[in-house]
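# Secondary and tertiary structure notes
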Amino acid sequence: MSLFLPFDPSTVTPEEGAPAADRLISGDPHFTTWNIEEAEGGIYAGIWQSTPGKWRISYDEWEYFHILEGHSVVTEDGGAAVDLRAGDRLVLRPGFKGTWEVLETTRKDYVIRL
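Remember, it's a predicted structure, so these values are computed and weren't measured experimentally.

## Description of the overall build of the protein
A count of helical and extended segments in the protein gives zero helices and nine strands. Walking the protein from its N terminus toward its C terminus, one meets helices and strands in the order β-β-β-β-β-β-β-β-β. Relative to the 2.2 N^0.38 estimate, which gives 13 Å for 114 residues, the radius of gyration of the protein is 14 Å and therefore close to what a compact globule would have. With the C-alpha coordinates aligned to their principal axes, the bounding extent of the protein is approximately 45 × 30 × 25 Å. A burial count over the protein gives 35% of its 114 residues as buried. Considering only contacts within the protein whose residues lie at least 6 apart along the sequence, 65% involve residues at least 24 apart. Carbon and sulfur atoms make up 52% of the accessible area of the protein, which amounts to about 6800 Å² in all.

If you want it as structure tokens, here you go:
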């Protein structure tokens, strides 16, 4: 087994999803997720994509992500909105609560630690 892993979504079967109905605010967003790595200790890495819509988010995990394409806005409850476009990076810490709004289909790569 190699100790490196190419970050290539064509090597995995994508998972389809959507926000839970009780979190949906507007639109009809659909998610596609390519989980490229699931490592011991609750580490996940991959690529996520969503079509336009807005929903509530609540994080129990730590996540770093890098926007590859599209346009989204993440807003923390009681805080400022963060406009995200290709090249932007963000860390969301456990306890983060707010909204995610996809204005143009957005794709990001991510690393999550549970």
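## Observations regarding the UniProt feature "domain: (S)-ureidoglycine aminohydrolase cupin" (unreviewed entry) in the protein
Annotation from UniProt places "domain: (S)-ureidoglycine aminohydrolase cupin" (unreviewed entry) at residues 38–110. Taken end to end, residues 38–110 has its terminal C-alpha atoms 12 Å apart, with 0% of it in helix and 74% in strand.

## Some words on the pairing of strand β8 (residues 89–92)
Of the two faces of β8, only one is covered, namely that formed by L90 and L92; the face formed by R89 and V91 stays uncovered. Examined bridge by bridge, strand β6 (residues 62–76) and β8 share four bridges and lie antiparallel to one another. Bridge pairing links H66 to R89 in β8.

Parameters and conventions
- Residues numbered from 1 in each chain as written.
- Predicted model: local features only at pLDDT ≥ 70, side-chain atom pairs only at ≥ 80, totals over all residues.
- Heavy atoms only, no water.
- Helix = DSSP H or I, 4+ residues; strand = E, 2+ residues; numbered from the N terminus.
- Rg over C-alpha atoms; globule rule 2.2 N^0.38 Å.
- Buried < 20%, exposed > 50% of the residue type's maximum accessible area, 1.4 Å probe, protein only.
- Contact = heavy atoms within 4.5 Å.
- Areas by Shrake-Rupley, 256 points an atom, 1.4 Å probe, with all protein chains shown as cover.
- UniProt positions renumbered as here; feature names shortened; annotations may be inferred.
- Pairing = 2+ DSSP bridges.

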